[in-house]
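# Reading the structure
So the chains spell out like this:
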Amino acid sequence: WKADPDMPASLPPKQRPASPIPTFWYRWLQAVTAGTILFGLALAALPDLARQGFGLLMYGQAGAVAAFGPEVQPYLTLAHAVMGSVMVGWGLALWLPLGGPFRRGERHGWNVFVVSLVGWFVPDTTVSLWTGLWPNAVRNTVFAVAFAVPLIATRSCFGLSASPTPPAPRSR
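Read on for a plain summary of the structure. (Residues numbered from 1 in each chain as written. Predicted model: local features only at pLDDT ≥ 70, side-chain atom pairs only at ≥ 80, totals over all residues. Heavy atoms only, no water.)

### Topic: the nonpolar core
Grouped together as the largest cluster of nonpolar side chains are 22 residues, with contacts concentrated most on Leu29, Phe102, Phe113, Leu117, Phe147, Leu151 and Phe158. Elements supplying a minimum of two residues to this core: α1 (23-45), α3 (73-102), α4 (107-130) and α5 (134-153). Take this core: its biggest share by element is five residues, from α3. Those residues in contact with Phe113 that lie beyond four places of it in its chain are Leu29, Thr33, Leu94, Leu98, Phe102, Phe147 and Leu151. (Core = buried A, V, L, I, M, F, W, Y, C linked by side-chain atoms within 4.5 Å. Buried < 20%, exposed > 50% of the residue type's maximum accessible area, 1.4 Å probe, protein only. Helix = DSSP H or I, 4+ residues; strand = E, 2+ residues; numbered from the N terminus. Contact = heavy atoms within 4.5 Å.)

### Here's the deal with the side chain of His80
Relative to the helices and strands, His80 resides in helix α3. For His80, a relative accessible area of 6% translates into the label buried. Residues contacting His80, with those up to four places away along its chain left out, are Leu43, Ala44, Ala50, Arg51 and Phe54.

### Considerations on the pattern of salt bridges
All told, the structure shown has two salt bridges when counted by the stated rule. In this structure, Asp48 and Arg51 form a salt bridge, with 2.4 Å as the shortest nitrogen-oxygen distance. Taken together, the residues span about one helical turn, with Asp48 and Arg51 both in helix α2 (residues 47-59) at a distance of three residues. Under the relative-accessibility criterion, Arg51 is labelled buried at 16%. Between Glu106 and Arg104 there is a salt bridge, with its nearest N and O atoms 2.6 Å apart. Residue classification places Glu106 among the buried positions, given a relative accessible area of 11%. (Salt bridge = Lys/Arg side-chain N within 4 Å of Asp/Glu carboxyl O.)

### Observations regarding the packing of α4 against α5
Where α4 meets α5, the closest approach of the two axes is 9 Å, and the angle between their N-to-C directions is 165 degrees. If you check the angle between α4 and α5, you find them roughly antiparallel. Classified by chirality, the crossing of α5 by α4 is left-handed. Judged by residue contacts, Trp110, Phe113, Val114, Leu117, Trp120, Phe121, Asp124, Thr125, Ser128 and Leu129 of α4 engage Trp134, Asn136, Ala137, Asn140, Thr141, Phe143, Ala144, Phe147, Ala148 and Leu151 from α5. (Axes fitted to C-alpha atoms, helices over the stretch in contact; angles between N-to-C directions. Parallel < 35°, antiparallel > 145°, perpendicular 65-115°, else oblique. Left-handed = near helix turned anticlockwise from the far one by under 90°.)

### Remarks on the environment of Arg104
As for its placement among the helices and strands, Arg104 is situated in the loop between α3 and α4. Between the C-alpha atoms of Arg104 and Cys157, which are 53 residues apart in sequence, the distance is 9.8 Å.

### Side note on α5
Helix length check: α5, at 20 residues, gives a terminal C-alpha distance of 28 Å against a target of 28 Å (1.5 Å per residue), a fit within 8%. Along its length, α5 shows its largest kink, about 25 degrees, at Phe147, and proline Pro150 lies within four residues downstream of that point. Regarding α5, the residues found buried are Pro135, Asn136, Ala137, Asn140, Phe143, Ala144, Phe147, Pro150 and Leu151. Where the residues of α5 are buried, they touch α1, α2, α3 and α4. (Expected span 1.5 Å × (residues − 1). Bend = angle between axes of the 7 residues up to and from the residue.)

Right under this line is the structure:
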């Protein structure tokens, strides 16, 4: 059942994965999680770049946010820094179970990713669409798919079937 040379070979039966965690998907999640941390650091530490990126994303021009006026720029810098810091924290919080319970094939390691991804995606994307900032919803979807692809691909490794089996009808 061992897919990764670093996975302990002597796990108790209850902790063994339902099937091996393919290294490809594990590395993909490592890359996306590290990318989340780096993106968050960039938002927090590179305010000019963050404002230009926001201008490109929302208005199609890197300098569009500068037109909001100089009094708004400190607030935008703060908003991007806070958002980036939260992303760093989220990425680090995902990194720990990735190298532990996820890698060992423990279901709660997989659940941490799915629950936190849904917990971010649904409200963020809903508010983006509600406020008319659909480009952010598109970016969210691309970002979510980068996580969802390996999570869907590894579902069976955690004893989760690809399609839920409906309960058997009750006999009367």
